[in-house]
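Chain and residue survey
Listed below are the residues making up each chain.
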Number of protein chains: 2
Amino acid sequence: MPAKQFGSSRRTFLSGAAALSAYFWIPKPVKGYTAAELRASADGDRVRPGISKSDLDTPALCVDLDKMEKNIATMQASLRKFGLPSRPHAKTHKCAAIAKYQIATGSIGICCAKLSEAEAMVANGVDKILMTTANPSRSKIRRAMNIRKSHPSFIQAVDEEQNARDLSAAAKEAGIVADVVIDVAVGTRSGIPAGPGALALAQLVDTLPNLKLRGILSYDGGVQHAKGFENRKERALQTIGPNVETFEMMKKAGLNMEIFSGGGTGTYNIMHLTPGFTDVQVGSYLFMDMQYLAIGSETGDAVFNDFAPSLTVLTTVMNNRFPDRLTTDAGAKALTLNTPNAGVIGEPGMDYSASSDEFGAIRFTTPPSKDYKIGDRLEVIVPHCDPVVNEYDEMYGIRKDRVEVVWQVEGRGKSQ
Amino acid sequence: MPAKQFGSSRRTFLSGAAALSAYFWIPKPVKGYTAAELRASADGDRVRPGISKSDLDTPALCVDLDKMEKNIATMQASLRKFGLPSRPHAKTHKCAAIAKYQIATGSIGICCAKLSEAEAMVANGVDKILMTTANPSRSKIRRAMNIRKSHPSFIQAVDEEQNARDLSAAAKEAGIVADVVIDVAVGTRSGIPAGPGALALAQLVDTLPNLKLRGILSYDGGVQHAKGFENRKERALQTIGPNVETFEMMKKAGLNMEIFSGGGTGTYNIMHLTPGFTDVQVGSYLFMDMQYLAIGSETGDAVFNDFAPSLTVLTTVMNNRFPDRLTTDAGAKALTLNTPNAGVIGEPGMDYSASSDEFGAIRFTTPPSKDYKIGDRLEVIVPHCDPVVNEYDEMYGIRKDRVEVVWQVEGRGKSQ
């Protein structure tokens, strides 16, 4: 029951997690296997049995498979209760194996934020992709239609008249009728503003010969990390209001509105209150991170403990010679500059700054649980999972302290 | 004369750069070539002639080759004047082609911060590597000695007695005598503190059968970005003081002290004032970034304009529908969260925030030079070059607006 592992403050949460998870403790003698070394004796992505987490070279990106699978099961069960399926965002994990697991366990498909990310997923056997970003160039539009040609379940977002016309032309060239959703903005980032303009765009798409309108998507990035459940709920339902009206207008205009997709991990238990909503684009729930832990849960707990943090980075102590501090081998290139800082499991008194490119700098705010030596290991919960995953070519799947799989992060660096 | 292109403030600097560099202007019609598409018709890393920067898919990491080569020539000439060679840090570019160019134009070798980075350089034909970080595990020590076995110019930093003993044992196992420098700390990050402890470690290394002491390194990461030349100079010479004394102590003890390496781009014109100093570990000078532009130059200019910003990211406008702002396709996964924010070339009134993972958010502080449409391009100077390079698998070498080469960033993600 991961939800019970975590107390009501970051500090309690971190020490509680360590106390209850004995296998977080990492002994010193390490073999320091690289991913290439593990793969040399592996069967596909399955690592030969018996290799411990502590045998990995560091920094290493690890996912606790029991926790991740539990998080996925929890999300599927919760959304089933709310009557909405999930369409998880692959921008979080960028890993085809995980996308396939999500779909196999009940998700209706995945989302991709970038075209090159979608291409990486397709190249590794993932189907049922909703491309949530409009492609702003003709070459990207052509590539998107190439995916659609071989994968009829591919759906492309559009948010502009010219973009829709270009898309229809590219679909015609590819000999297909392409499935399209309108990206209706929440806030000022991507998408066309809610209202008559969005309706007109939907009507245009409906008339274009090589496009098939499927509905809309509306993602509110800003509200996901709003602190406190009631505050988050109020904001989420308020910001989605104009989009609900637009969705209704489109329906009344006789348009095909099968899809009203949006939401995220922070609003997974809120979006079913939105009239017409069809599926939730949850992303971080399977990994969790310090940012999401801080948003608070529906029970009023200051820690958002609906899902357990499964994604961690293993790091090694490089220096212990200066009072009340340690240097580690995981800096900004391994953990990014996101805040809150990484959380050191089992050491709530350690403040971990990754502001140096190559090194982590730990300050003791209270004395640590032991005398750390050079070569000792620490394991940290990452600040913000998506960009951290994007730093690594491989992710290790760990079960009960044993390395079970090495996954390629196929979408890593696919920012185009 | 790149130094004359930049005025005394960020704003003047950015508009001045644009005015003088007409080829920064990027027309709209784009082919959107991916790196794979360019390579398909390339001869090695040389792209077939005639492809424009504006033909690249975005976000794209670009380096202006004329500017980079000029920066390298300026650095080589300056350090020659000061009587010190450079030993540039490959953690900045992580690119073997650039490392080779630096060595071919007079650098005595390169530095690597991580062992996997050094392995990537060696695997791509780079020799003369100073591994500036001690390797904290036996497996890493063994791998380092594997490099040393085939590359006699490889030098390894050590900062601890046990580490030195392990290194000597691994060197013995590899059948070699390994070259070693002591990492003597400046500040509290890596290395052994200056003083008797460092001397004792050097003496131990001198007595260990399979190690050969070559000297010390002392890198002060903190002082590189200290603002104002006089302030920087005072701090740099003060913080290095105890290390100079330690170096002298080691010399007096009869130890072999061929190397006293350290310094960086911010102190390239300061470190020659340090008695005994032998070479400067400059890194960012060839690319530059918003952080280094802000530190101020010896002439008193608020902009550090000794070197021209050659590293940029091309990005595409994704949304222009909301007042006084634009959304682009380069967010934190393309530009990192470093500050100052990316500088939009030719648009000093644009404040570019990359705080969203996938999208850049531009706010207009003054009206832009034109009415930006979806699909238009912008080019930005990166916030901090090292971690931005680490986000990309490829870097495009641009000369006079034409794509000349596609370089693999072989050290990308090599954080182990």
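Fair warning: this is a prediction, and the values are worked out from it, not measured in the lab. (Residues numbered from 1 in each chain as written. Chains lettered and ligands numbered in written order. Predicted model: local features only at pLDDT ≥ 70, side-chain atom pairs only at ≥ 80, totals over all residues. Heavy atoms only, no water.)

Side note on the relation of the copies chain B and chain A
Stated formally: Only residues with pLDDT of at least 70 in both copies contribute their C-alpha atoms to the least-squares superposition of the copies. Contact definition: two residues touch when any of their heavy atoms are within 4.5 Å.
Here chain B sits on chain A after a turn of 180 degrees about the axis and a move of 0.0 Å along it, with an RMSD of 0.0 Å. The superposition of one copy onto the other is thereby described by a two-fold rotation axis. Considering only C-alpha atoms, the part of chain B nearest the rotation axis is Leu337(B), at 3.0 Å. Comparing interface residues between copies, 100% of those in chain B also lie at the interface in chain A; the contact surface is shared.

A closer look at the interface of chain B and chain A
Going by this rule: As a working definition, buried area equals the accessible area (1.4 Å probe) given up by two parts on being put together, with both sides summed. The term salt bridge refers to a side-chain nitrogen of Lys or Arg lying within 4 Å of a carboxyl oxygen of Asp or Glu. The term polar contact refers here to a pair of N or O atoms within 3.5 Å; inside protein, the definition further demands a hydrogen-donor-capable atom paired with an acceptor-capable atom, and it admits residues adjacent in sequence only when both atoms are side-chain atoms. Segments assigned H or I by DSSP are reported as helices when at least four residues long, segments assigned E as strands when at least two residues long, and all are numbered from the N terminus. Polar here means any residue other than Ala, Val, Leu, Ile, Met, Phe, Trp, Tyr, Cys and Pro, which are nonpolar, and Asp, Glu, Lys and Arg, which are charged; Gly is therefore polar.
With 57 residues of chain B in contact, the opposing surface of chain A contributes 57 residues. Each partner contributes to the roughly 5,000 Å² buried at the junction of chain B and chain A, and carbon and sulfur atoms together form 47% of this total. At the junction of chain B with chain A, the criterion picks out eight salt bridges. Ionic pairing is found between Arg412(B) and Asp393(A), a salt bridge with its closest N-O pair at 3.2 Å. Remark: the boundary between chain B and chain A carries 40 residue pairs in polar contact (both at pLDDT 80 or more). Looking at the side of chain B that touches chain A, the elements with two or more residues in it are helix H6 (138-150), strand S9 (311-319), strand S10 (325-328) and helix H13 (385-389) of chain B. Grouping the amino acids of the side of chain B that touches chain A by side-chain chemistry returns 16 nonpolar, 21 polar and 20 charged.

Some points on the sheet that holds strand S5 (residues 178-183) of chain B
All names here are of chain B. Put simply, the rule reads: Only strands joined by at least two bridges in the DSSP assignment are considered to pair. Every angle, taken between N-to-C directions, lies between 0 and 180 degrees, and every axis is a line fitted to C-alpha atoms, over only the stretch in contact when it is a helix.
With respect to topology, seven strands assemble into an open sheet ordered S2-S3-S4-S5-S6-S7-S8, the strand pairing being parallel. The open sheet has two free edges, formed respectively by strand S2 (110-112) and strand S8 (279-280), since each of these has just one partner strand. Here strand S6 (residues 211-218) pairs with strand S7 (residues 259-262) via four bridges, running parallel. Directly across from Ser218, in S7, lies its bridge partner Gly262. Packing against the sheet, helix H7 (residues 161-174) makes contact with strand S4 (155-158), S5 and S6, and its axis sits at approximately 150 degrees to S4.

Side note on unusual backbone geometry
With an omega of 0 degrees, the peptide bond between Thr339(A) and Pro340(A) qualifies as cis. With an omega dihedral of -5 degrees, the bond running from Thr58(B) to Pro59(B) counts as a cis peptide bond. Structurally, Pro59(B) is set in the loop between helix H2 (35-40) and strand S1 (60-64). Look at Lys128(B): it is not a glycine, yet its phi comes out positive at around 60 degrees. Tracing the sequence through the fold places Lys128(B) in the loop between helix H5 (115-123) and strand S3 (129-131). Notably, Thr336(B) is not glycine yet its phi reads approximately 65 degrees, a positive angle.

Notes on the side chain of Arg412(B)
Its place among the elements puts Arg412(B) in the segment after strand S16 (402-408). Polar side-chain contacts of Arg412(B) include one of 2.8 Å to the backbone oxygen of Asn390(B). Ignoring anything within four residues of it in the chain, the contact list for Arg412(B) reads Asn390(A), Glu391(A), Tyr392(A), Asp393(A), Arg412(A), Lys94(B), Val389(B), Asn390(B), Glu391(B), Tyr392(B) and Asp393(B).

Digging into the pattern of salt bridges
Let me state the cut-off plainly: Note on classification: 1.4 Å probe, protein chains only; a residue is buried when its accessible area is under 20% of the maximum for its type, exposed when over 50%, partly exposed between these limits.
This structure, assessed with the given rule, holds 48 salt bridges over all chains. As a salt-bridge pair, Lys53(A) and Glu379(A) come within 2.9 Å of each other at their nearest N and O atoms. Taken as a pair, Lys53(A) in the loop between helix H2 (35-40) and strand S1 (60-64) and Glu379(A) in strand S14 (residues 377-381) lie far apart in primary sequence, 326 residues in all. For Lys53(A), a relative accessible area of 3% gives the class buried. Across the pair Glu161(B) and Arg165(B) runs a salt bridge whose closest N-O atoms are separated by 3.1 Å. You can see Glu161(B) and its partner Arg165(B) sitting in helix H7, four residues apart, about one turn around the helix. Owing to a relative accessible area of 37%, Arg165(B) belongs among the partly exposed residues under this scheme. Connected through shared salt-bridge partners, Arg46(A), Asp66(A), Glu69(A), Arg399(A), Lys400(A) and Glu404(A) make up one network.

With respect to the state of the cysteines
What counts here: Working definition: a disulfide is two cysteine sulfur atoms within 2.5 Å of each other.
Inspection of the entire model under this criterion finds zero disulfides over all chains. With no disulfide of its own, Cys95(A) lies closest to Cys112(A) among cysteine sulfurs, the gap being 12 Å. With a relative accessible area of 0%, Cys95(A) lands in the buried category. Sulfur of Cys111(B): no disulfide; nearest cysteine sulfur belongs to Cys112(B) and is 7.7 Å away. Its relative accessible area of 0% is what places Cys111(B) among the buried residues.

Looking at the environment of Ser107(B)
Residue and element names in this part refer to chain B. Structurally, the position occupied by Ser107 is in the loop between helix H4 (96-104) and S2. In this structure Ser107 comes out as buried when scored by relative accessible area, which is 4%. When neighbours within four sequence positions are excluded, Ser107 is seen to be in contact with Gln76, Ser86, Pro88 and Gln102.

Notes on H6(B)
Definition in use: Expected span of a helix, by definition, is 1.5 Å for each gap between consecutive residues, and there is one gap fewer than residues.
Spanning 13 residues, H6(B) covers 19 Å between terminal C-alpha atoms, matching the ideal 18 Å at 1.5 Å per step. Considered for burial, the residues of H6(B) that qualify are Ser139(B), Lys140(B), Ile141(B), Arg143(B), Ala144(B), Met145(B), Ile147(B) and Arg148(B).

Everything listed here is a matter of coordinates, which is why it stays silent on function.
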